[in-house]
Amino acid sequence: KDKMLTKSGARPGDSLVLTKPLGFGVTSTAFKRGLTTDADLAEITAWMKTLNRGAAELAVDFGLRAATDITGFGFIGHLREMLQASDLGAQIDFSGLPLVSCAGKYAEAFTFPGGAFNNLRWFGEDVSCDQLSEQQKMLLFDPQTSGGLLLCVPREKLTAFLEQAASRQIPAWQVGSITDEHKNIRVSL
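Each value, and the rule that gives it
In every chain, residue numbers begin from 1 and rise along the written sequence. For this predicted model, a pLDDT threshold of at least 70 governs which residues receive local features, and a threshold of 80 or more governs which side-chain atom pairs are given and counted, while totals over whole chains, interfaces and linings are taken from all residues. Processing note: side-chain calculations cover all non-hydrogen atoms of the structure and skip hydrogens and water entirely. Strand pairing requires that DSSP identify at least two bridges connecting the strands. Segments assigned H or I by DSSP are reported as helices when at least four residues long, segments assigned E as strands when at least two residues long, and all are numbered from the N terminus. The criterion used for residue contact is that any of the two residues' heavy atoms lie within 4.5 Å. As a rule, the C-alpha atoms of each element are fitted with a line to give its axis, helices using only the stretch in contact, and angles between N-to-C directions run from 0 to 180 degrees. We call a set of buried residues a nonpolar core when its members are Ala, Val, Leu, Ile, Met, Phe, Trp, Tyr or Cys and they connect through side-chain atoms within 4.5 Å of each other. Between buried and exposed lies partly exposed: a residue is buried under 20% and exposed over 50% of the maximum accessible area for its type, with that area taken using a 1.4 Å probe on protein chains only. Throughout this description, the term salt bridge denotes a Lys or Arg side-chain nitrogen within 4 Å of a carboxyl oxygen of Asp or Glu.

Undergrad: I would appreciate a short explanation of the sheet that holds strand S4 (residues 127-128) in the present structure.
TA: Hydrogen bonds between backbone groups are what pair the strands of a sheet, and the pairing can be parallel or antiparallel. Ordered in space as S2-S5-S1-S6-S3-S7-S4, the 7 strands form an open sheet in which the pairing is mixed. Edge positions in the open sheet fall to strand S2 (66-69) and S4, since each of these has one partner strand only. Here 2 bridges tie S4 to strand S7 (residues 185-188), and the two strands are oriented parallel to one another. Looking across to S7, one finds that Val 127 is bridged to Ile 185. Against the sheet, helix H8 (residues 158-167) touches strand S1 (15-18), strand S5 (149-153) and strand S6 (173-179), its axis set at about 10° to S1.

Encoded structure:
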């Protein structure tokens with residue numbers, strides 16, 4: 001029980017680390033419309049088949065307090081749940097968000113699933129992302145199937161955490177940080 005990660009354990013200054021790229025929903029919908037290549041489908045399938053076990057074990061090894069998985073509510077929806085539970089906000093660097101290689105072209109084709117628009121309606125009011133294009137914004141709300149973990153890593157542990165992730169061959173990208181601004185999510189380029 002003392003090693004359990006919850007949505008409510010975030011602290012101001014924590015770095016946000018994501019363990020899988022985004023773009024599964026927009027690509028899956030493109031597949032349903034007959035637009036994907038075999039390589040695109042193979043890429044998202046490989047990511048969706050990748051377990052979160054290694055990332056979860058690493059989080060426990062580092063004594064992290066807060067985590068959530070990114071699934072149907074998309075990146076922003078699950079981040080917002082974490083922020084609401086912790087009564088905090090976040091700053092996100094869009095250019096640091098990992099995307100599957102084909103996400104951009106399917107975002108440009110606007111093949112987002114209906115769930116992305118529902119997520120935007122439900123969670124969008126807490127997000128400031130004026131610098132983003134409509135397609136970039138929608139990628140934040142794209143529902144994921146078997147998405148990665150979003151982990152809150154204390155600033156003093158970040159370098160060692162990322163080094164250990166690399167040595168264990170666990171994908172990990174720093175995508176932002178936790179702020180003390182209640183439920184406000186600021187996204188910049």
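Undergrad: Help me understand the nonpolar core in this model?
TA: Note that soluble globular proteins tend to have their nonpolar side chains buried in a common cluster. In terms of nonpolar packing, the biggest core is built from 42 residues, with Leu 16, Phe 75, Leu 79, Ile 92, Leu 97, Leu 140 and Val 187 touching the most fellow members. Once residues within four sequence positions are removed from consideration, Ile 92 is found in contact with Leu 16, Phe 75, Leu 79, Leu 97, Val 175, Gly 176, Ile 185, Arg 186, Val 187 and Ser 188. By size, the runner-up hydrophobic cluster in this structure holds 14 residues, among which are Ala 67, Leu 149, Leu 151 and Ile 170.

Undergrad: Help me understand the pattern of salt bridges in this model?
TA: Any two side chains of opposite charge can pair, so long as their charged atoms come close to each other. Enumeration according to the criterion identifies 6 salt bridges in this entry. Here Glu 181 and Arg 186 are joined by a salt bridge, their closest N and O atoms 2.8 Å apart. Residue Glu 181 is classed as partly exposed on the basis of its relative accessible area, which comes to 31%. Exposure remark for Arg 186: the relative accessible area of 30% places this residue in the partly exposed category.

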